[in-house]
Amino acid sequence: MHASTTTLLSLTALLLLTLSSSLSAHGVIVAATGDLGGSGTALAVDAATPRDGTRRRPFQQDTTRFPDAADSDSPSAGASGCGETLQNGDIDIAASMQAVSPGGQVAMTLHQVNADGAGPYACMVDPTATGESFEPMLVSQNVPGENGRERGGQASDFALVAQMPEGMVCTGTAGVMTGVCMVRCQNPARAGPFGGCVPVQMVAAAGVGAVDPPAAAGAAPPAAAAAVVAPPLATAATAAGVVAPPALEAPGSLVAPGASLAPADEAPATKAPTAGGVLSRFRTGQRI
């Protein structure tokens, strides 16, 4: 009986320890940006969580744990969803978008809460942004650590940079946004894995944010319009059937230079019409 009681107590203690470990969270992605801009965090990160301590509450409350990958040797094998947090439970995938180019980088800041929030981190991406199927990413800058543990890095921030796979096309949507992928990074800690999911939008590097305004209905292209529209003054002069001397310089100059002045009691031999502003038309040096 004594042995049975001891065994029961041992099993109970082991179960409590296991539950405590499974609900703890020790590494959180507190910042993320794409190579084309945007700024955010992993999903479910709470900006009000303090980052200067290591205890379970409140320092671990918003860190993501991926229970689906706890027993997998390959981080991306069978990975599904975006995990859970102590604070909110299962994470719903939402839109908090960073812009990334095809084959571009996603730069993140990993806050290591305590010893088992260390690296190295493995990153993967789901092109549908549903969290249902992830493909491995190249991690070009990683978090220090061995097997997810490093005591010297607790309560510290580290850079974590992952590369989008060449040729990948993001097909997911988030509200009105299209071209969305979901990036997931996690460490190999036994109590985890820990990490987070970061949604990104893939856009072309050239023309980001550049949208040509729509042309007015029925409007001709600028070059074509210039070719077919004649100045209004030329139309008026042609209708009058009048051609004024090209040398006239001002409305008061009614006689072409070099012509003899008519006697004062005779009318001038030739006058340019003043109706319709024809004289001002010739001051430009153009002929009708």
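Keep in mind the model is a prediction, meaning the values are calculated, not measured.

## Regarding the overall build of the protein chain
When its secondary structure is counted, the protein chain shows 4 helices and 14 strands. Counting across all 288 residues of the protein chain, residues that qualify as buried make up 36%. For the protein chain, contacts bridging at least 24 residues in sequence account for 71% of all contacts bridging at least 6.

## Here we look at the confidence of the model for the protein chain
Summing up the model confidence of the protein chain, the mean pLDDT is 72 and the portion of residues at 70 or higher is 57%. Below pLDDT 50 for its whole length, residues 1–25 participates in 16 contacts with residues either more than four positions away or in separate chains. Note on residues 207–257: pLDDT is under 50 here. Beyond four places in sequence and across chains, it has 34 contacts.

## Details of the state of the cysteines
The full count for this structure, using the stated rule, is 3 disulfides. Here cysteine 82 engages in a disulfide with cysteine 197; their sulfurs sit 2.3 Å apart. Taking the sign of the S-S torsion, about -95 degrees here, the bridge from cysteine 82 to cysteine 197 comes out left-handed. Taken together, the positions of cysteine 82 in the loop between strand E3 (64–65) and strand E4 (84–85) and cysteine 197 in strand E14 (residues 194–202) put the pair 115 residues apart, joining distant regions of the chain. On the basis of relative accessibility, which here comes to 3%, the residue cysteine 82 falls in the buried class. Exposure remark for cysteine 197: the relative accessible area of 1% places this residue in the buried category.

## Structural notes on the packing of aromatic side chains
In this structure the tally under the stated criterion is 0 aromatic pairs. A cation over an aromatic ring shows up here: arginine 184 above the ring of phenylalanine 134, its NZ or CZ 5.5 Å from the ring centre.

## As for the environment of glutamine 112
Turning to its location among the elements, glutamine 112 is positioned in strand E7 (residues 105–112). Under the relative-accessibility criterion, glutamine 112 is labelled buried at 0%. As for glutamine 112 and arginine 51, which are separated by 61 residues in sequence, their C-alpha atoms are 9.0 Å apart. Among the polar contacts listed, one links the side chain of glutamine 112 to the backbone oxygen of asparagine 114, at a separation of 3.0 Å. Of note is the side chain of glutamine 112, whose polar atom sits 2.8 Å from the backbone oxygen of glutamate 150.

## Some thoughts on the environment of valine 125
As for its placement among the helices and strands, valine 125 is situated in strand E8 (residues 122–126). Overall, the relative accessible area of 0% leaves valine 125 in the buried class. Linking valine 125 and cysteine 185, residues 60 residues apart in sequence, is a C-alpha distance of 8.7 Å. In this view, valine 125 contacts Ser133, Phe134, Glu135, Met137, Met164, Pro165, Met168, Cys181, Met182 and Val183; residues no more than four positions away in its chain are not counted.

## Thoughts on the pattern of salt bridges
Across all of its chains, the model carries 2 salt bridges by this definition. When the shortest N-O distance is used, the salt bridge between aspartate 62 and arginine 51 registers 2.8 Å. Note that aspartate 62 is positioned in the loop between strand E2 (37–40) and E3 and arginine 51 in the loop between E2 and E3, a separation of 11 residues in sequence. Since its relative accessible area comes to 0%, aspartate 62 is described here as buried. By relative accessible area, which is 23% here, arginine 51 ends up partly exposed. Between arginine 65 and glutamate 84 there is a salt bridge, with its nearest N and O atoms 3.4 Å apart. Placement of arginine 65 in strand E3 and of glutamate 84 in strand E4 is noted, with a sequence separation of 19 residues between them.

Basis of the calculations
- Residues numbered from 1 in each chain as written.
- Predicted model: local features only at pLDDT ≥ 70, side-chain atom pairs only at ≥ 80, totals over all residues.
- Heavy atoms only, no water.
- Helix = DSSP H or I, 4+ residues; strand = E, 2+ residues; numbered from the N terminus.
- Buried < 20%, exposed > 50% of the residue type's maximum accessible area, 1.4 Å probe, protein only.
- Contact = heavy atoms within 4.5 Å.
- pLDDT = per-residue confidence, 0-100.
- Disulfide = S-S within 2.5 Å.
- Phe/Tyr/Trp six-rings, centres within 6.5 Å; stacked < 30°, edge-to-face > 60°.
- Lys NZ or Arg CZ within 6 Å of the ring centre and 35° of its normal.
- Polar contact = N/O pair within 3.5 Å; in protein donor to acceptor, adjacent residues only side chain to side chain.
- Salt bridge = Lys/Arg side-chain N within 4 Å of Asp/Glu carboxyl O.

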